[in-house]
Amino acid sequence: WHPAQVDTSIRPGWFYHTEEDEKVRSLDTLMHIYYNSVGGNSQLLLNVPPDKRGRFSDNDVKRLHEIGEVLRATFKTNLAKDAKVEASQFSPGHDASKTIDDNKNNFWATSEGVTSASIVYDLGSKKTFDLANLQENIRNGQHIEEFYLDAWDGKDWKQITRSTTIGHRRLLRFDSVTTDKVRLRITKSRVNAELTSFGLYKRP
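Residues numbered from 1 in each chain as written. Predicted model: local features only at pLDDT ≥ 70, side-chain atom pairs only at ≥ 80, totals over all residues. Heavy atoms only, no water.

Enquirer: Which parts of the structure should I look at to understand the environment of threonine 29?
Expert: Among the secondary structure elements, threonine 29 is positioned in helix α1 (residues 27-37). Note on threonine 29: relative accessible area 35%, which makes it partly exposed. Threonine 29 sits 157 residues away from isoleucine 186 along the chain, and the two C-alpha atoms are 31 Å apart. (Helix = DSSP H or I, 4+ residues; strand = E, 2+ residues; numbered from the N terminus. Buried < 20%, exposed > 50% of the residue type's maximum accessible area, 1.4 Å probe, protein only.)

See below:
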């Protein structure tokens with residue numbers, strides 16, 4: 001796994017200009033950048049230029065606080081935290097409950113040579129969410145190449161979204177979903193699949 005880095009500025013340009021004080025990127029724009037960089041298996045380097053005092057502009061600082069507030073509110077509660085978890089396959093010592101135990105040293109893994117599997121998260125009651133967070137056990141490399149997320153509608157599974165790689169972190173946004181069961185289907189992996197973290201969240 002080789003991390004990429006997304007470099008952009010909180011303003012139209014890289015350096016400070018007084019006439020750009022009212023042109024700081026909007027919160028919506030910066031959150032979109034966050035989800036498509038950090039949430040896309042990359043790193044985000046957000047340039048904040050010092051002003052003529054050698055400090056950050058008040059407008060820039062205000063926007064940074066807003067980003068922090070949104071991220072703290074978004075990731076405050078993992079709605080899958082207390083789920084009952086069952087995987088179609090796992091290697092000894094690496095059952096799927098490891099994906100919600102908040103321990104980055106633990107991870108779910110399929111047996112050697114098994115490149116497709118599914119995990120069902122029984123949430124216990126109906127929960128509403130519009131964001132999923134997945135993280136691979138990146139210490140062993142990036143394995144997963146295709147996966148789907150499904151919701152149980154009481155009679156059948158309905159696809160919520162799909163994606164390709166996960167890597168260090170994949171954040172998936174979608175229309176709000178209310179269900180009591182979620183299924184993660186990994187359909188393609190370079191070698192055995194490994195996942196260290198899974199979460200469901202409701203954006204504020």
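Enquirer: What is the right way to look at the pairing of strand β2 (residues 42-47) in this model?
Expert: Where a strand is regular, its side chains alternate between the two sheet faces. When strand β1 (residues 4-9) meets β2, the two strands line up parallel, connected through six bridges. Opposite aspartate 7, over in β2, you have leucine 45 as the bridge partner. (Pairing = 2+ DSSP bridges.)

Enquirer: Mind showing me how you'd approach α1 here?
Expert: Structural remark: α-helix, 3.6 residues per turn; residues separated by three or four positions point the same way. Taken as a whole, α1 has its buried residues at Leu30, Met31, Ile33, Tyr34, Tyr35 and Ser37. Lining the buried residues of α1 we find β1, β2, α2 (58-74), β5 (117-135) and β8 (170-189). (Contact = heavy atoms within 4.5 Å.)

Enquirer: Quick question: what am I supposed to make of the layout of surface pockets here?
Expert: Take a probe with the size of a water molecule and roll it over the atoms, and the empty space left behind shows itself. Considered as a void within the structure, the largest pocket measures approximately 180 Å³ in volume. Along its surface, the largest pocket is lined by 16 residues, and Asn78, Asp102, Lys104, Ser197 and Tyr201 are the ones closest to its centre. Among the elements that make up the lining of the largest pocket, the one with the highest residue count is strand β10 (residues 197-201) (four residues). Here the lining of the largest pocket is built from residues that sort into three nonpolar, eight polar and five charged. (1 Å grid on protein atoms, 1.4 Å probe; cavity = no way out; pocket = protein on both sides within 12 Å on 5 of 7 lines; lining within 4 Å. Points joined across faces, edges and corners; volume = space filled by probe spheres on them. Nonpolar A, V, L, I, M, F, W, Y, C, P; charged D, E, K, R; others polar.)

Enquirer: How should I be thinking about the pattern of salt bridges in this particular structure?
Expert: Where charged atoms from two side chains of opposite charge approach closely, those side chains can pair. According to the stated counting rule, one finds twelve salt bridges in the structure shown. Arginine 53 is the salt-bridge partner of aspartate 51, the closest N and O atoms lying 2.7 Å from each other. Salt-bridge contacts for aspartate 102 lead to lysine 81; the nearest nitrogen and oxygen are separated by 4.0 Å. Taken together, the residues aspartate 102 in the loop between β3 (84-87) and β4 (108-109) and lysine 81 in the loop between α2 and β3 connect sequence positions 21 residues apart. Residue class for aspartate 102 comes out exposed when judged on its relative accessible area of 63%. Residue classification places lysine 81 among the partly exposed residues on the basis of a relative accessible area of 32%. (Salt bridge = Lys/Arg side-chain N within 4 Å of Asp/Glu carboxyl O.)

Enquirer: Could you clarify how one ought to interpret the packing of aromatic side chains in this entry?
Expert: Aromatic rings in a pair are described by how distant their centres are and how their planes are angled relative to each other. Overall, the coordinates contain five aromatic pairs when judged by the stated rule. Ring geometry for tyrosine 34 versus tyrosine 35: centroids 5.6 Å apart, planes at 80°, classification edge-to-face. In terms of burial, tyrosine 34 and tyrosine 35 fall into one category: buried. Ring geometry for tryptophan 152 versus tryptophan 157: centroids 5.3 Å apart, planes at 65°, classification edge-to-face. Note on tryptophan 152: relative accessible area 27%, which makes it partly exposed. Lying across the ring of phenylalanine 75, arginine 169 places its NZ or CZ 4.9 Å from the centre. (Phe/Tyr/Trp six-rings, centres within 6.5 Å; stacked < 30°, edge-to-face > 60°. Lys NZ or Arg CZ within 6 Å of the ring centre and 35° of its normal.)

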